[in-house]
Amino acid sequence: MAEGDEDLPRDAKIVKSLLKSMGVEDYEPRVIHQFLELWYRYVVDVLTDAQVYSEHAGKAAIDSDDVKLAIQSKVNFSFSQPPPREVLLELARNRNKIPLPRTIAGPGIPLPPDQDTLISPNYQLAIPKKQPSPAVEETEEDEEVVDPNPSQ
């Protein structure tokens, strides 16, 4: 083994050998710790589920059937298979039977209606109604006309 492998835990050595067997030579050292964390979390989840299944069956201890069931349920929950190609083709045929709406060709770029865009105004101006101003009595001073062009 490479230098520095003596102080690694057994599980870390296993992860390192798995990476090497898959042809992965260049990786950061923290990758091993991340794989170990994922590995431990997965094992704890599977064993917890297996314990629940064992208790439900009325068993005193977990057996291999409980672990297999827990793994199978985790696989069914985590990974889903895509629908078969024939099903997807039939869905595509049904969808493509409906023609697209005709566009009204006009100048410029066609945009959706104003209510569906973010550029339409989303406010209304509230203009207050003007109240009639109180009647002002005219005085003699108001009646005097000021000559705009006084003679010099």
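This is a predicted model, so every value here is computed, not measured.

Student: What exactly am I supposed to notice about the nonpolar core here?
Tutor: One finds Ala12, Val15, Leu19, Ile32 and Leu36 forming the largest nonpolar core, which totals five residues. Listing elements by their share of this core, those giving two or more residues are α1 (10-21) and α2 (30-56). Top contributing element to this core by residue count: α1, with three residues. The residues touching leucine 19, leaving out its near neighbours within four places in the chain, are Val24, Tyr27, Val31, Ile32 and Phe35.

Student: Hey, could you run me through the pattern of salt bridges in this one?
Tutor: Where charged atoms from two side chains of opposite charge come close, those side chains can pair. This structure, assessed with the given rule, holds six salt bridges. A salt bridge links glutamate 37 to arginine 41; the nearest nitrogen and oxygen atoms lie 3.3 Å apart. Here the residue glutamate 37 and the residue arginine 41 both occupy positions in helix α2, the gap between them amounting to four residues, near one helical turn. Residue class for arginine 41 comes out partly exposed when judged on its relative accessible area of 48%. Linked through salt bridges whose partners overlap, the residues forming this network are Lys59, Asp63 and Asp66.

Student: Explain a nonpolar patch on the surface here, please?
Tutor: Taken together, Ile14, Leu18, Trp39, Tyr40, Tyr42, Val43, Leu47, Ile71, Val75 and Phe79 make up a surface patch of nonpolar side chains, about 860 Å² in accessible area. Counting residues per element, the ones that place at least two in the nonpolar patch are α1, α2 and α3 (64-78). Note that valine 43 resides in helix α2. On the basis of relative accessible area, valine 43 is assigned to the partly exposed category, the value being 34%.

Student: Sorry if this is basic, but what is going on with the side chain of lysine 74 here?
Tutor: In this fold, lysine 74 is placed in helix α3. Buried and unpaired, lysine 74 has no salt bridge, with aspartate 45 as the nearest side chain of opposite charge at 4.0 Å. Setting aside chain neighbours within four positions, we find lysine 74 in contact with Tyr42, Asp45, Val46 and Asp49.

Student: Quick question: what am I supposed to make of the packing of α1 against α2 here?
Tutor: Axis angle and axis distance: for two packed helices, these are the angle between their axes and the distance between the axes, and together they describe the pair. Orientation of α1 relative to α2, taken along the N-to-C sense of each, is 110°, at an axis distance of 10 Å. As summarised for this structure, α1 and α2 are arranged roughly perpendicular, according to the angle between their axes. Considering how the two elements wind past one another, α1 and α2 form a crossing that is right-handed. Across the interface between the two elements, Asp11, Ala12, Ile14, Val15, Lys16 and Leu19 from α1 touch Val31, Ile32, Phe35, Leu36, Trp39 and Tyr40 from α2. For the contact of α1 with α2, the per-class residue count stands at 10 nonpolar, no polar and two charged.

Student: Honestly, the packing of aromatic side chains in this entry has me stumped. Any pointers?
Tutor: To describe a pair of aromatic rings, you give the distance between the ring centres and the angle between the ring planes. Counted under the stated rule, the structure contains one aromatic pair. An angle of 20° between the planes, with centres 6.2 Å apart, marks the rings of tryptophan 39 and tyrosine 40 as stacked. Under the relative-accessibility criterion, tryptophan 39 is labelled partly exposed at 33%. For tyrosine 40, a relative accessible area of 39% puts it in the partly exposed group.

Student: Teacher, can you tell me more about α3 here?
Tutor: Three or four residues apart is the spacing at which side chains of an α-helix point the same way, because the helix has 3.6 residues per turn. In this model α3 runs 21 Å from its N-terminal to its C-terminal C-alpha over 15 residues, within 8% of the 21 Å that 1.5 Å per residue would give. Taken as a whole, α3 has its buried residues at Asp66, Ala70 and Lys74. Along the long axis of α3, the arc covered by the buried residues comes to 70°, so they all point the same way. In α3, the exposed positions angled more than 90 degrees off the buried face are occupied by Lys68 and Asn76. Looking at the buried residues of α3, the elements they touch are α2.

Rules and cut-offs
Residues numbered from 1 in each chain as written. Predicted model: local features only at pLDDT ≥ 70, side-chain atom pairs only at ≥ 80, totals over all residues. Heavy atoms only, no water. Core = buried A, V, L, I, M, F, W, Y, C linked by side-chain atoms within 4.5 Å. Buried < 20%, exposed > 50% of the residue type's maximum accessible area, 1.4 Å probe, protein only. Helix = DSSP H or I, 4+ residues; strand = E, 2+ residues; numbered from the N terminus. Contact = heavy atoms within 4.5 Å. Salt bridge = Lys/Arg side-chain N within 4 Å of Asp/Glu carboxyl O. Patch = residues over 30% accessible without salt bridge, like charges linked within 9 Å, V, L, I, M, F, W, Y side chains within 5 Å. Areas by Shrake-Rupley, 256 points an atom, 1.4 Å probe, with all protein chains shown as cover. Lys, Arg positive; Asp, Glu negative; His and termini not counted. Axes fitted to C-alpha atoms, helices over the stretch in contact; angles between N-to-C directions. Parallel < 35°, antiparallel > 145°, perpendicular 65-115°, else oblique. Left-handed = near helix turned anticlockwise from the far one by under 90°. Nonpolar A, V, L, I, M, F, W, Y, C, P; charged D, E, K, R; others polar. Phe/Tyr/Trp six-rings, centres within 6.5 Å; stacked < 30°, edge-to-face > 60°. Expected span 1.5 Å × (residues − 1). Arc of directions from axis to C-beta.

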